[in-house]
Amino acid sequence: MKARLGLAFICLVVWFPIFPQTGPAHNWHSPSEVVKKIKKKFSEIVSYSADFQIKSIDNKKEKTMRGKSLYKRPGKIRYNFNEPEGDEIVSDGKTLYIFIKRLGAVGKQDLSLDKKNSSGALFTTNSADGLSRLFRKYHYKFDAIEQPRAVFEKDPTKYFVLELDQREKIGGFEKMKLFVDSESYLIRRAVATDGRGKETTIAFSNINFEEEIQDGVFNFHMSGNAKIVNNPLVSEN
C-alpha cells in the first residue's frame, strides 16, 4: 500500500506540481536560463486541465494509468483516473488524498509536515514552489548540445531536454529527464528512474488554460467504507 501511494504522488511532483524545421542548435541557451523561464511560466498559471498518462516499467513489466488532471493556484490538484477506473488523487493545497478503489483505501497526507534537514515542508502547497524545490534537490544539465530539438516521432514540437540527478541519494527517483516545450516552457513529459531501475513516465496532452474550475472540485469526499492511512508518504517521527 505505502509503496504504491508513494509512487503515485512522486509522479505528480514532477508536474507540480505543459515546428518542424532543421536549424542550428540554440547553444546560447543555458540550462539555468531554461529553468528560470519554466519557473516564471508556472508562477503565471492560474489554472489548467489536461489529459495525463503515467507509464511504469519495472523488471520488464509495463503498467499504464490514464485520466484527467486539474490544477488551480495555489496548490490545488485533482487527478481522476479512468484507468484504473475510480482511483483519485486530490488536494486542496493543505491535505493530499490518494484513493485506491480496488483496495478501498485512502492515503491522507498532511502537506505541511517538515522533514529534518530539508529546506522546508516536504510537500509544498504551491506548485511553483514545488518546482523550485525540485531544481534545488537535483543537479540539472542539457542532455545534448542541440537544444531545443524535435524529439518524438509525429510531434513537430521542439523541446529543451533536461537531465536531473538527485543531489543526495535519499530514495525516490534518483534520475529524471524533463521535456520542456521550447515555446511555452511547459514540462510536457517527464521520465524518472529510481535506484532499482524502475522507470516511470508521465505525459500531458490537451492542456487547457481556459476551462473554468471551481474550488469545490478539489474537495475530497470520503467513502464511509474506506480505510484511512494517515501520512503514508512521510510522518512526523
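This text goes with the structure placed above it.
Residues numbered from 1 in each chain as written. Predicted model: local features only at pLDDT ≥ 70, side-chain atom pairs only at ≥ 80, totals over all residues. Heavy atoms only, no water.

Asker: Whenever I open this one, helix α2 (residues 31-44) confuses me. Can you help?
Answerer: An α-helix turns once per 3.6 residues; consequently, residues spaced three or four apart project the same way. The end-to-end C-alpha distance of α2, which contains 14 residues, comes to 20 Å, matching closely the 20 Å that a straight helix rising 1.5 Å per residue would cover. Buried within α2 are the following residues: Val-34, Val-35, Ile-38 and Phe-42. Across the axial projection of α2, the buried residues extend over an arc of 100 degrees, all falling on one side. Exposed residues lying more than 90 degrees from the buried face of α2 are Lys-36 and Lys-40. (Helix = DSSP H or I, 4+ residues; strand = E, 2+ residues; numbered from the N terminus. Expected span 1.5 Å × (residues − 1). Buried < 20%, exposed > 50% of the residue type's maximum accessible area, 1.4 Å probe, protein only. Arc of directions from axis to C-beta.)

Asker: Can you help me understand the environment of Arg-66 in this one?
Answerer: Relative to the elements of secondary structure, Arg-66 occurs in strand β2 (residues 61-72). On the accessibility criterion, Arg-66 (34% relative accessible area) is partly exposed. In sequence terms Arg-66 and Glu-83 are 17 residues apart; their C-alpha atoms lie 5.1 Å from each other. With sequence-adjacent residues up to four places away left out, Arg-66 is seen in contact with Phe-52, Gln-53, Asn-80, Phe-81, Asn-82 and Glu-83. At a separation of 3.1 Å, a polar atom in the side chain of Arg-66 contacts the side chain of Gln-53. Engagement of the side chain of Arg-66 in a polar contact is seen with the side chain of Glu-83, the distance being 2.8 Å. (Contact = heavy atoms within 4.5 Å. Polar contact = N/O pair within 3.5 Å; in protein donor to acceptor, adjacent residues only side chain to side chain.)

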